[in-house]
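# Understanding the architecture of this molecule
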Amino acid sequence: EEQFKQLEEFKKEHGHCNVPQKYPVNPSLGNWVIKQRQGYKGKKLGQDRIDRLNGIGFMWEPPRGGQPKSWYQKNKNNPVLTY
């Protein structure tokens with residue numbers, strides 16, 4: 001439940017649910033998103049979870065080529081995200 005709330009906050013801030021795998025601000029959220037996608041592919045996610053994630057616009061396949069440019073453009077000079 002906590003991770004879902006964090007994903008909702010991420011979407012409010014960034015306009016999408018595509019949390020980077022190695023999201024430096026909240027690494028556990030990136031890992032959680034990966035696990036949701038893996039669970040979905042492996043048919044191990046409950047329908048309730050699938051419905052909740054669909055309800056906030058979750059993409060089951062991550063975008064090819066990394067994050068949307070809007071995320072990169074918005075954050076490319078943010079010293080917190082530089083690594």
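Model, not experiment: these values are computed from the prediction.

### Concerning the overall build of the protein chain
- Tallying secondary structure elements over the protein chain gives four helices and zero strands in all.
- Start at the N end of the protein chain and walk to the C end: the helices and strands fall as α-α-α-α.
- For the protein chain, buried positions account for 34% of its 83 residues.
- Of all intrachain contacts in the protein chain linking residues separated by at least 6 positions in sequence, the fraction that spans at least 24 positions is 52%.
- Total accessible area computed for the protein chain in this model is approximately 5800 Å², and 49% of it derives from carbon and sulfur atoms.

### Observations regarding the pattern of salt bridges
- Per the stated rule, a full pass over the model turns up three salt bridges.
- Of the charged contacts in the structure, one is a salt bridge between Glu 1 and Arg 52, with a shortest N-O distance of 3.0 Å. Here Arg 52 lies in helix α3 (residues 47–55) and Glu 1 lies in the segment before α1 (2–14), a separation of 51 residues in the sequence.
- By relative accessible area, Glu 1 is classed as exposed at 56%.
- With its nearest N and O atoms 3.5 Å apart, the salt bridge here joins Lys 12 to Glu 9. Here Lys 12 pairs with Glu 9, and both are found in helix α1, just three residues apart, close to one helical turn.
- Judged by relative accessible area, which is 47%, Glu 9 ranks as partly exposed.

### Some details on the packing of aromatic side chains
- Tallying each qualifying case throughout the model produces three aromatic pairs.
- Between Phe 10 and Tyr 23, the aromatic rings sit 5.2 Å apart at their centres with planes inclined by 90°, giving edge-to-face as the arrangement. One end of the pair, Phe 10, is in helix α1; the other, Tyr 23, is in the loop between α1 and α2 (27–41), and 13 residues separate them in sequence.
- You can call Tyr 23 buried: its relative accessible area is 5%.
- Look at Phe 58 and Trp 60: their rings are 4.7 Å apart centre to centre, the planes differ by 70°, and that puts the pair in the edge-to-face class. Across the pair, Trp 60 and Phe 58 agree in class, each one buried.
- Put simply, the rings of Tyr 40, Phe 58 and Trp 60 touch in pairs and so form one group of aromatic residues.

### Points about the side chain of Asn 18
- Structurally, the position occupied by Asn 18 is in the loop between α1 and α2.
- Of note is the side chain of Asn 18, whose polar atom sits 3.1 Å from the side chain of Arg 37.

### Describing α2
- The terminal C-alpha atoms of α2, which comprises 15 residues, lie 22 Å apart, in line with the 21 Å expected from a rise of 1.5 Å per residue.
- Among the residues of α2, those classed as buried are Leu 29, Gly 30, Trp 32, Val 33, Gln 36, Arg 37 and Gly 39.
- Along its buried surface, α2 packs onto α1 and α3.

Reading guide: rules and limits
Residues numbered from 1 in each chain as written. Predicted model: local features only at pLDDT ≥ 70, side-chain atom pairs only at ≥ 80, totals over all residues. Heavy atoms only, no water. Helix = DSSP H or I, 4+ residues; strand = E, 2+ residues; numbered from the N terminus. Buried < 20%, exposed > 50% of the residue type's maximum accessible area, 1.4 Å probe, protein only. Contact = heavy atoms within 4.5 Å. Areas by Shrake-Rupley, 256 points an atom, 1.4 Å probe, with all protein chains shown as cover. Salt bridge = Lys/Arg side-chain N within 4 Å of Asp/Glu carboxyl O. Phe/Tyr/Trp six-rings, centres within 6.5 Å; stacked < 30°, edge-to-face > 60°. Polar contact = N/O pair within 3.5 Å; in protein donor to acceptor, adjacent residues only side chain to side chain. Expected span 1.5 Å × (residues − 1).

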